[in-house]
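Summary of structural features
What follows is the residue order along each chain.
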Amino acid sequence: MNIKAHVVASVVAFSMPLAAMSQDNMKKLENFQSTGANLNMETIPQTGAKAEAIRNNLKNVKLPPGFKIDLYAIVPDARHMAVGPSTGILFVGTRKTQVWAVTDRAKTRVADEVKPFSPSISMKVPNGVCFSPDGILYLVEHNRVLAFPAAEFFYEGPDVAAATVVPQGQLIPVEEESFNHGARACRIGPDNKLYITMGNPFNVPAKEKLPIYAKTGMMGILRMDRDGKNREVFAQGVRNSVGLDFNSKDKTLWFTDNQVDGMGDDTPPGEINRATKAGQHFGFPWYGGGKVRTVEYKDDNPPANVVFPQVETAAHAADLGMTFYRGSMFPAKYQGGIFSAQHGSWNRTTPVGARVLYTSLKADGTADKTEVFAEGWLTPNKEYLGRPVDVAMLPDGSLLVSDDYAGAIYRVSYAGQ
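Below: a short report on this structure. (Residues numbered from 1 in each chain as written. Predicted model: local features only at pLDDT ≥ 70, side-chain atom pairs only at ≥ 80, totals over all residues. Heavy atoms only, no water.)

**A few points about the overall build of the protein chain**
A tally of helices and strands in the protein chain yields four helices and 27 strands. For the protein chain, the C-alpha radius of gyration of 21 Å lies close to 22 Å, the compact-globule estimate for 417 residues. For the protein chain, the spread of C-alpha atoms along the three principal axes comes to 55 × 55 × 45 Å. Burial analysis of the protein chain (417 residues in total) assigns 56% to the buried set. For the protein chain, restricting intrachain contacts to residue pairs at least 6 apart in sequence, the fraction spanning at least 24 positions comes to 58%. (Helix = DSSP H or I, 4+ residues; strand = E, 2+ residues; numbered from the N terminus. Rg over C-alpha atoms; globule rule 2.2 N^0.38 Å. Buried < 20%, exposed > 50% of the residue type's maximum accessible area, 1.4 Å probe, protein only. Contact = heavy atoms within 4.5 Å.)

**With respect to a nonpolar patch on the surface**
Taken together, the side chains of Phe32, Phe153 and Phe154 present a nonpolar region at the surface, about 380 Å² in accessible area. Looking at the secondary structure, you find Phe153 in helix α3 (residues 151-154). (Patch = residues over 30% accessible without salt bridge, like charges linked within 9 Å, V, L, I, M, F, W, Y side chains within 5 Å. Areas by Shrake-Rupley, 256 points an atom, 1.4 Å probe, with all protein chains shown as cover. Salt bridge = Lys/Arg side-chain N within 4 Å of Asp/Glu carboxyl O.)

**Comments concerning the environment of Lys215**
Along the polypeptide, Lys215 turns up in helix α4 (residues 210-216). Linking Lys215 and Val233, residues 18 residues apart in sequence, is a C-alpha distance of 7.6 Å.

**Section: the pairing of strand β21 (residues 319-324)**
Of all six residues making up β21, six are buried, and the element is well covered by its neighbours. Note that β21 and strand β22 (residues 338-342) share four bridges and pair antiparallel. Its bridge partner lying in β22, Thr323 is registered against Phe339. (Pairing = 2+ DSSP bridges.)

**What about the nonpolar core?**
The biggest cluster of nonpolar side chains holds 44 residues, and the ones touching the most others in it are Phe339, Phe373 and Tyr410. In terms of residue count, strand β1 (residues 67-74) provides more of this core than any other element does, six residues in total. Leave out the neighbours within four places in its chain, and Tyr410 touches Ile54, Leu58, Ile69, Asp70, Leu71, Tyr72, Trp377, Leu399, Leu400, Val401 and Asp403. Core analysis: the second largest hydrophobic core is formed by 28 residues, Cys130, Met198, Val204 and Val306 among them. (Core = buried A, V, L, I, M, F, W, Y, C linked by side-chain atoms within 4.5 Å.)

**A closer look at the state of the cysteines**
By the definition in use, this model includes one disulfide. Disulfide pairing is shown between Cys130 and Cys186; the S-S distance is 2.3 Å. Because the torsion about its S-S bond is -120°, the bridge between Cys130 and Cys186 counts as left-handed. In this pair, Cys130 sits in strand β6 (residues 128-131) while Cys186 sits in strand β10 (residues 186-188), placing the two residues 56 residues apart along the sequence. When sorted by exposure, Cys130 lands in the same class as Cys186, which is buried. (Disulfide = S-S within 2.5 Å.)

**Some points on the sheet that holds strand β4 (residues 100-103)**
The strand order across the open sheet formed by four strands is β2-β3-β4-β5, and the pairing between neighbours is antiparallel. Both edges of this open sheet fall to β2 (81-83) and β5 (113-116), since each of them pairs with a single strand only. Each strand of the sheet is rotated relative to its neighbour by a mean of 20°, with strand direction disregarded. The pairing of β2 with strand β3 (residues 90-92) spans three bridges and is classified as antiparallel. Following the sheet pairing, Met81 is matched in β3 by Val92. (Axes fitted to C-alpha atoms, helices over the stretch in contact; angles between N-to-C directions.)

**Structural notes on empty space enclosed by the protein**
Under the counting rule described, the total for this entry stands at four cavities of 30 Å³ or more. Counted as a void, the largest cavity has a volume near 50 Å³. Top contributing element to the lining of the largest cavity by residue count: strand β18 (residues 287-289), with three residues. Class assignment for the residues of the lining of the largest cavity results in three nonpolar, five polar and three charged. (1 Å grid on protein atoms, 1.4 Å probe; cavity = no way out; pocket = protein on both sides within 12 Å on 5 of 7 lines; lining within 4 Å. Points joined across faces, edges and corners; volume = space filled by probe spheres on them. Nonpolar A, V, L, I, M, F, W, Y, C, P; charged D, E, K, R; others polar.)

**Regarding the packing of aromatic side chains**
For the coordinates displayed, the defined rule picks out 25 aromatic pairs. Both rings, one in Tyr287 and one in Phe308, keep their centres 5.1 Å apart while their planes meet at 90°; by these two values the pair is edge-to-face. Of this pair, Tyr287 sits in strand β18 while Phe308 sits in the loop between β19 (292-293) and β20 (311-313); the two residues are 21 residues apart in sequence, bridging distant segments of the chain. Ring geometry for Tyr325 and Phe330: centres 4.6 Å apart, planes at 10°, overall stacked. Taken individually, Tyr325 and Phe330 each receive the classification buried, so the pair is uniform in this respect. Taken together, Phe67, Tyr325, Phe330, Tyr334, Phe339, Tyr358, Phe373 and Tyr414 form an aromatic cluster joined through their ring pairs. (Phe/Tyr/Trp six-rings, centres within 6.5 Å; stacked < 30°, edge-to-face > 60°.)

**Details of the sheet that holds strand β26 (residues 399-403)**
Strand order in this open sheet of four strands is β1-β27-β26-β25, and the pairing throughout is antiparallel. A strand with exactly one partner marks an edge of an open sheet, and here the two such strands are β1 and β25 (388-393). For this sheet the average axis-to-axis angle between neighbouring strands, irrespective of direction, equals 25°. Taken together, the four bridges between β25 and β26 define a ladder with antiparallel strand orientation. The partner of Ala392 across the bridge, within β26, is Leu400. Its contacts with the sheet place helix α2 (residues 49-57) against β1 and β27 (408-414), and it is angled at close to 160° to β1.

Quick look at the structure:
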């Protein structure tokens, strides 16, 4: 056997037991059995030079009067967040292989422990995390959905109670798996169903891809029972949403969407959308963002009754996570409105984004005004000090902001004028 063949054979022989081990671990956890994982779990240092450097960079962040921002936790690759409804423990997804559990045991509003969550399970792009009202943590990977009953109480050790909602390889067709646009976000809706944003692998997909995407919910938002049954496509025409939340007042679903690249620095706009019912179409790929037609589909008739965005944001600012503010710490102006994170542009001549927006609502439930709430992670020299990904609220009403570039989570609080 030549060297190349030997290496390939070795890799295959090594990877197969790992895959089998991962599946075997899931079966054990579902049966409340130990996997034999090491009980000595690593923790991420929360003090030292890196923490001080991040705190120093936060001096550049500008907020409205009366607000302040502090370092809440150092969390490598921090992406989407879910706050435990009973304990306030924070679970943080990543685009790699790790989910983190972040604990503030003394309730000082600064984390004192950050460690892996459920490390006995092998994960792939475990970006999407969300809680049900009864305390079940849902985790949406690139092509699998898991549920963790009582995650807030089982997280201390490497083995946790776990259940499979959508088995590996059955969320999307395996042949459509991609490194691009594969980070999911999720929410439990007022109908007690699980909603998942799906994305699509392409900037603009070829026309032959549209039937399979329409059927599977890619390029859209899925809805299913919390056990994975009764799966249906809730919304279509969504290019790559990585943030969603429900307005508790009227039960409408709002979500961000990222526009088509390569059409110019200032077009098309980013989007914040509102879905008032199932079955609506939000325009992509006939529209690249807002009402801007894509080159690839400009000669094709778009679907009837396309729903255009409630808010058009700066082109290529990368609108990601969002949440309705349900707390009471912030002034009345912000209560019931939307906070959303802009990750920042990657291919714009002059970078934009890396900030948190606030959108107020009108009495009829539609969007009113959108303004910059927090900015400063993008310096005047156009250097990124951080890239906000998601926003979430702690039980005390303060706002958390995750940052996968700095590997940190910040806490925004209000102390008055």
